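# Structural description and commentary
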Amino acid sequence: MDNQGEVLLGGRYLLGELLGSGGFAKVYLATDTKLKRKVAVKLLHNAVRGGAAERFRREASIVDKLRHPNIVRVFDAELIEEPCYLVMEHLQGEDLSQRMAMGPMFVQEAVAYSCEILAALSYLQGEGVLHRDIKPANIFLEEERAVLMDFNLLLAEDLTAVTKTGMIVGTPRYMAPEIFYGASASVQSEICSLGTVLFQVLALPDMRLKEKTMGPRKDALPALAEHRDDYPKKLDEIIARATALDPECRYESYEAIAKELEALGVDDGAVEEIEEKVEQKLVLGQSKEEEKPRSRGHWLALILVILLPIVWLWARGPSSYSVKDLVVVAGPGTLHISWRSDHS
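Residues numbered from 1 in each chain as written. Predicted model: local features only at pLDDT ≥ 70, side-chain atom pairs only at ≥ 80, totals over all residues. Heavy atoms only, no water.

## Side note on the sheet that holds strand β10 (residues 146-148)
Strand order in this open sheet of three strands is β7-β9-β10, and the pairing throughout is antiparallel. The open sheet has two edge strands with one neighbour each: β7 (94-95) and β10. By the bridge criterion, two bridges tie β7 to strand β9 (residues 139-141) in an arrangement that is antiparallel. If you follow Asp95 over to β9, its bridge partner there is Phe140. Along the sheet face, helix α3 (residues 107-126) touches β9 and β10 and points at about 35 degrees away from the line of β10. (Pairing = 2+ DSSP bridges. Helix = DSSP H or I, 4+ residues; strand = E, 2+ residues; numbered from the N terminus. Contact = heavy atoms within 4.5 Å. Axes fitted to C-alpha atoms, helices over the stretch in contact; angles between N-to-C directions.)

What follows is the structure, given as structure tokens:
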């Protein structure tokens, strides 16, 4: 039932509009009747049992302890009695997958959001946690921040994984290639996923990253130049290193890639490179305009402009004026006529 407006969870949370639905849970907009505020409630399907239910409880137990401005906040949870649910802050805006439907992002915007998610991932690492499902749908964009959410695949170092042996978890399109071959999730696999997201939001559309991709990526991602030219070339190097097929060739830490991304915003050379491209486009546009053949109407107008002063002088009387040293200079966008006249 999509509208749960009459359902009161825990005697406190009044369910309203359905915000989203997944394989084992639905998310509702709700009202916290005690604190009089809007919240989001992630409600586990009653039919969910086994590993999925255990992952939900693990997500709640871990996320409840997290406190970071770029990680969705959990306020409350019910993990014992059914229905099980999480109560989270209500985010206002859109997730990155919805933003991608509008077309490629501005470089500065994409880089800024990436740095915020890197900060969140670095914080998670300090808590002994990996996200394991970094993708556009799990990155929410509010007016002034990016928020990492949907932690149902969190892996804490001190917890035993509840997925079956050999089972691949994550979103294939954005997963690091080594994960398909049984490698454990790591900082490098997280960086690869975020690097793939960064490439995708800047290179839209790129059919080499298809929604139904089910196998590991076997080739390096192409340069952004195939899709746009309004970016510093250093960004190609950053994405290439972040998404390298060999995890040992990737950045060693979240801080390392964040440092290089942040440098793009203050790199005068990068700014000059973009400005130079724009200037070249303008100059090229002007040159093409100048090279265009003059139309018949243009030349007719030019002849009339030259003849009119002469006709006017002649009409005043040929005995009154004589025109000497007539000079006509015509060029792209310019026309200059001069003469010397003697009054008799």
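## A few points about the packing of α3 against helix α4 (residues 187-203)
Helix-helix packing is described using two parameters, namely the angle between the two axes and the distance between the axes. Relative orientation of the contacting elements α3 and α4 amounts to 165 degrees, with a least axis distance of 10 Å. Taken together, the axes of α3 and α4 lie roughly antiparallel to each other. As for the relative orientation of α3 and α4, their crossing is right-handed in sense. For the pair α3 and α4, the contacting residues are Val107, Ala110, Ser114, Ile117, Leu118, Leu121 and Gln125 in the first and Val187, Glu190, Leu194, Leu198, Val201 and Leu202 in the second. (Parallel < 35°, antiparallel > 145°, perpendicular 65-115°, else oblique. Left-handed = near helix turned anticlockwise from the far one by under 90°.)

## Examining the nonpolar core
The biggest cluster of nonpolar side chains holds 66 residues, and the ones touching the most others in it are Ile139, Val201, Leu235 and Leu261. Per-element tally for this core: the top contributor is α3, with 10 residues. Ignoring any residue separated from it by four or fewer positions in sequence, one finds Leu261 in contact with Val111, Ser114, Cys115, Leu118, Leu198, Leu235 and Ile238. (Core = buried A, V, L, I, M, F, W, Y, C linked by side-chain atoms within 4.5 Å. Buried < 20%, exposed > 50% of the residue type's maximum accessible area, 1.4 Å probe, protein only.)

## A few points about unusual backbone geometry
With an omega of 0 degrees, the peptide bond running from Glu82 to Pro83 counts as cis. Summarising the element assignment, Pro83 is placed in the loop between β5 (74-78) and β6 (85-89).

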